[in-house]
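Residue-level structure breakdown
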Amino acid sequence: MSQAKTAGTDEEKIIALEQEIFAAISSRDAASLRRLLADDFVYRTATGDEFERAAFLHNIATLPMTILEVRGENLKAKVFGETAVLTGVQKARVRDEQGREIISAVAFTDVFIRQGGQWLMALAYGVELPATPA
């Protein structure tokens with residue numbers, strides 16, 4: 001049973017589900033990620049790009065970089081009936097094909113819906129934050 005189903009409050013369940021999503025992305029586990037996303041899931045970027053579920057899963061599975069770490073900071077969830085909104089900052093470390101390590105931070109908002117008693121991510125929106133000096 002997943003963490004999201006065993007946590008206490010709905011807000012805790014949403015945060016636990018987000019952690020599962022980070023873990024699935026880190027390991028490129030498209031099968032696990034697929035079952036955490038609504039069928040009509042959409043990922044949107046600040047530049048107007050939009051990826052439906054299949055394209056998002058494909059992009060995660062075929063990213064030409066090595067994912068070293070993906071984690072969330074400042075995660076906050078708010079539940080509104082059968083809908084929940086989670087905000088936070090995703091921190092990622094990857095290694096590109098030339099061996100360079102790249103660190104990124106993305107401010108994001110994720111929207112979850114409860115279907116059949118299970119929370120699923122329905123929409124994700126992210127904005128790349130400017131790099132901070134070391």
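These numbers were taken from a predicted model, which means no experiment stands behind them. (Residues numbered from 1 in each chain as written. Predicted model: local features only at pLDDT ≥ 70, side-chain atom pairs only at ≥ 80, totals over all residues. Heavy atoms only, no water.)

As for the environment of D39
- Looking at the secondary structure, you find D39 in strand β1 (residues 37–45).
- Within polar-contact distance, the side chain of D39 engages the side chain of R53 at 3.1 Å. (Helix = DSSP H or I, 4+ residues; strand = E, 2+ residues; numbered from the N terminus. Polar contact = N/O pair within 3.5 Å; in protein donor to acceptor, adjacent residues only side chain to side chain.)

Let's talk about the packing of aromatic side chains
- Using the criterion set out here, one finds four aromatic pairs in the structure.
- On the basis of an interplanar angle of 85° and a centroid distance of 6.1 Å, the ring pair of F22 and F108 is categorised as edge-to-face. Here F22 is found in helix α2 (residues 10–26), whereas its partner F108 is found in strand β5 (residues 101–115), with 86 residues between them in sequence. Each of the two residues, F22 as well as F108, counts as buried. (Phe/Tyr/Trp six-rings, centres within 6.5 Å; stacked < 30°, edge-to-face > 60°. Buried < 20%, exposed > 50% of the residue type's maximum accessible area, 1.4 Å probe, protein only.)

Thoughts on the pattern of salt bridges
- With the rule as written, the count across this model stands at 11 salt bridges.
- Note that E69 is salt-bridged to R93, the shortest N-O span being 3.3 Å. Of this pair, E69 sits in strand β3 (residues 66–80) while R93 is found in strand β4 (residues 83–95), placing the two residues 24 residues apart along the sequence.
- Under the relative-accessibility criterion, E69 is labelled partly exposed at 28%.
- On the accessibility criterion, R93 (27% relative accessible area) is partly exposed.
- R100 is the salt-bridge partner of D96, the closest N and O atoms lying 2.8 Å from each other. (Salt bridge = Lys/Arg side-chain N within 4 Å of Asp/Glu carboxyl O.)

Some thoughts on the confidence of the model for the protein chain
- The predicted model of the protein chain averages 91 in pLDDT, with 93% of residues at 70 or higher.
- Across the protein chain, strand β6 (residues 118–128) holds the top mean pLDDT of 97, while helix α1 (residues 3–6) sits lowest at 44. (pLDDT = per-residue confidence, 0-100.)

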